[in-house]
Amino acid sequence: MGDVVSEEDMRRLIESIDAPDQLSRRDRAIIELAYGCGARLEEMTRLNVDAVDLSRGLVHLTGKGRSDRIIPLTRCAVSELRRYLQCVRPGLVGKGNPERALFIGLRGTGRLCSASLCRIVQTRAEAVNLIVHPHTIRRSIATHLVERGAPIAYVKAFLGHATYRHLGHYVRLREALDVDALREGSARK
């Protein structure tokens, strides 16, 4: 499938953002969170600080039609978000600013908009010769989950889909993986 990045390339993208400056720390947290929870672009921009529970490793996402879901975070996402919230975000927000947004623009400009978040992902990906959009990250993590054996029902809930209608790719992938496993098992006998 064209709109998917391999696990190796996702790891390469994330690890390439290793500078200690505020924006690099923020950008790495953004991409770790997007990959760790399969959030839509709009869900990422609407996230507030109180939607992330780092002690329990969870994020509360509000999706299309105001549907809510709580998704477990990866250890890497928890670590990057903790670093961002403790060391970076306070400097971006500024003292006395009541801004609730999780991801903040430069010099206290407030909540990152969809276009800015998209530009961050694309720019960081281009730096490692990848073409990646926020939706690419969403499709990639869902594909990686299926490749690792996650049931389609789990992927549906993880992505926040109300129906199976948009999960055809993952169903076909699961079926192909199952057929390959059957063939492999038959060949061993």
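Residues numbered from 1 in each chain as written. Predicted model: local features only at pLDDT ≥ 70, side-chain atom pairs only at ≥ 80, totals over all residues. Heavy atoms only, no water.

Caption draft 1: Looking closely at the environment of His135. Along the polypeptide, His135 turns up in helix α6 (residues 134-147). Given the relative accessible area of 45%, His135 is considered partly exposed. As for His135 and Ala39, which are separated by 96 residues in sequence, their C-alpha atoms are 8.5 Å apart. (Helix = DSSP H or I, 4+ residues; strand = E, 2+ residues; numbered from the N terminus. Buried < 20%, exposed > 50% of the residue type's maximum accessible area, 1.4 Å probe, protein only.)

Caption draft 2: Quick peek at the packing of helix α2 (residues 22-37) against helix α5 (residues 114-126). It is at 10 Å that the axes of α2 and α5 come closest, and there the two elements cross at 95°. Viewed along their axes, α2 and α5 adopt a mutual orientation that is roughly perpendicular. On the side of α2, the interface is formed by Leu23, Ser24, Arg26, Asp27, Ile30 and Ile31, while α5 contributes Leu117, Ile120, Val121 and Arg124. Of the residues that constitute the contact of α2 with α5, the class distribution is six nonpolar, one polar and three charged. (Axes fitted to C-alpha atoms, helices over the stretch in contact; angles between N-to-C directions. Parallel < 35°, antiparallel > 145°, perpendicular 65-115°, else oblique. Contact = heavy atoms within 4.5 Å. Nonpolar A, V, L, I, M, F, W, Y, C, P; charged D, E, K, R; others polar.)

Caption draft 3: Representation of the environment of Tyr154 in the model. Along the chain, the position of Tyr154 falls in helix α7 (residues 152-159). Taking the C-alpha atoms as reference, Tyr154 lies 9.7 Å from Ala142; in sequence the two are 12 residues apart. If near-sequence neighbours (up to four positions away) are discounted, Tyr154 is found in contact with Pro72 and Leu145.

Caption draft 4: Spotlight on the side chain of Thr45. Tracing the chain through its elements places Thr45 in helix α3 (residues 41-46). A residue is classified by how much of its surface remains accessible, and Thr45, at 11% relative accessible area, is buried. Residue contacts for Thr45: discarding those within four places in its chain leaves Arg111, Leu112, Cys113, Ser114 and Leu117.

Caption draft 5: Structural view of the pairing of strand β2 (residues 58-62). Direction of pairing for strand β1 (residues 52-53) relative to β2: antiparallel, over a ladder of two bridges. Counted as the bridge partner of Asp53 is Leu58 from β2. In this structure, the hairpin formed by β1 and β2 is closed by a connection of four residues, where Gly57 is found at a positive phi of approximately 70°. With five bridges joining them, β2 and strand β3 (residues 68-72) adopt antiparallel strand pairing. Among the inter-strand pairings, Val59 is bridged to a residue of β3, identified as Ile71. (Pairing = 2+ DSSP bridges.)

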